[in-house]
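One-letter residues, chain by chain:
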Amino acid sequence: IKSRSLTLCRMQQSIYYNSPPRHSVTIKMINTNFYKVLLAFTFCYGTILGAIINVDWKYDCDQCSITEVVDVGDTAIFEWSASRHNVFSLPFSGYESCSFADGEYIGSSSPVSFDFTSSVSGKILYFGCGVGAHCIGAGMKMAFEVKCSPRQSKKERKKFFKFGKNLVKSKSCRWLFRKIEKNKNNSLKYCQSIGKQSASRRCKCTCRNFKS
């Protein structure tokens, strides 16, 4: 059996960060011994098979000033056409100081892709350009916040957090989930507090999954 895949509808934009494509169609053509052709169309919407996040990887890139919120299954594609760049995965300390000593090299030939798999679900990942002073001088570093998987979120809802003045009131993460589901503004009300028993620490998945 011979097979080949064609990917259609990537819908590239002249300005990538304004409107990243969220749909793709994959056609798999399989030639059997009977010379029959089977066409299988897979339509990808949002997180079913993942979205493509195009990063215009350049000096003072516009996306570098924000933290991108992504889903498990999404893919970030760092692209550049001029100058020499690369992409490193960094720990938070390296991201803050633009130190690449503990960084992990990903690639230096455009485009460089990174898949957000279930292993990084619920985490914040940091990336930077390790060429010269591109990170510290030109702001070429970026953070991605990966939403929690449904399984993680469900498990978390049994936990309790404290809120209110001096964090004395107590509610479950399940209660918080329903509260924010009804009104997303409640995310700002309950998820901004800090402390070991606060919602931002105890209900990370709930707070993170409702971010826009």
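The rules behind the values
- Residues numbered from 1 in each chain as written.
- Predicted model: local features only at pLDDT ≥ 70, side-chain atom pairs only at ≥ 80, totals over all residues.
- Heavy atoms only, no water.
- Disulfide = S-S within 2.5 Å.
- Helix = DSSP H or I, 4+ residues; strand = E, 2+ residues; numbered from the N terminus.
- Buried < 20%, exposed > 50% of the residue type's maximum accessible area, 1.4 Å probe, protein only.
- Core = buried A, V, L, I, M, F, W, Y, C linked by side-chain atoms within 4.5 Å.
- Contact = heavy atoms within 4.5 Å.
- Pairing = 2+ DSSP bridges.
- Salt bridge = Lys/Arg side-chain N within 4 Å of Asp/Glu carboxyl O.

(A) Region of the structure containing the state of the cysteines. Using the criterion set out here, one finds five disulfides in the structure. In this model, C98 is linked to C135 through a disulfide, with the two sulfur atoms separated by 2.0 Å. Given an S-S torsion of about -75°, the disulfide between C98 and C135 has left-handed geometry. Linking C98 in the loop between α1 (92-97) and β8 (104-107) with C135 in helix α2 (residues 134-138), this pair joins segments that are 37 residues apart in sequence. A relative accessible area of 3% means that C135 is categorised as buried. Note on cysteine connectivity: C173 is disulfide-linked to C203, with sulfurs 2.0 Å apart. Around the S-S axis, the bridge from C173 to C203 shows a dihedral of about -80° and counts as left-handed. With a gap of 30 residues between them, C173 in helix α4 (residues 173-182) and C203 in the loop between α6 (199-202) and α7 (204-209) connect regions that are remote in the sequence. Classification of C173 as buried rests on a relative accessible area of 0%. Overall, C203 belongs to the buried group, its relative accessible area being 0%. Listing the disulfide partners of the protein by sequence rank of the bonded cysteines yields 1-2, 3-4, 5-9, 6-8, 7-10.

(B) Layout of the nonpolar core. Core analysis: the biggest nonpolar cluster contains 23 residues, and W57, F78, F116 and F144 have the highest contact counts within it. Sorting the residues of this core by element identifies β4 (52-56), β6 (75-79), β9 (112-115), β10 (124-128) and β11 (141-146) as the ones contributing at least two each. Per-element accounting of this core gives the leading share, three residues, to β11. Ignoring sequence-local partners within four residues, the contact set of F78 consists of V55, W57, V87, S110, P111, V112, F127 and F144.

(C) How the structure looks around the pairing of strand β12 (residues 160-163). Across the two faces of β12 the burial differs, with F161 and F163 buried and F160 and K162 not buried at all. Pairing of β12 with strand β13 (residues 169-172) involves four bridges; the strand directions are antiparallel. Paired with K162 across the strands is S170, a residue of β13. Once β12 ends, the chain turns through five residues before running back antiparallel as β13, passing G164 with a positive phi of about 85°.

(D) Structural context of the pattern of salt bridges. Under the definition given, this model contains two salt bridges. With its nearest N and O atoms 3.5 Å apart, the salt bridge here joins K58 to D56. You can call D56 buried: its relative accessible area is 19%. Here E145 and R208 are joined by a salt bridge, their closest N and O atoms 2.9 Å apart. Placement of the pair is E145 in strand β11 and R208 in helix α7, with a sequence separation of 63 residues. There is no split in this pair, since E145 and R208 are both buried.

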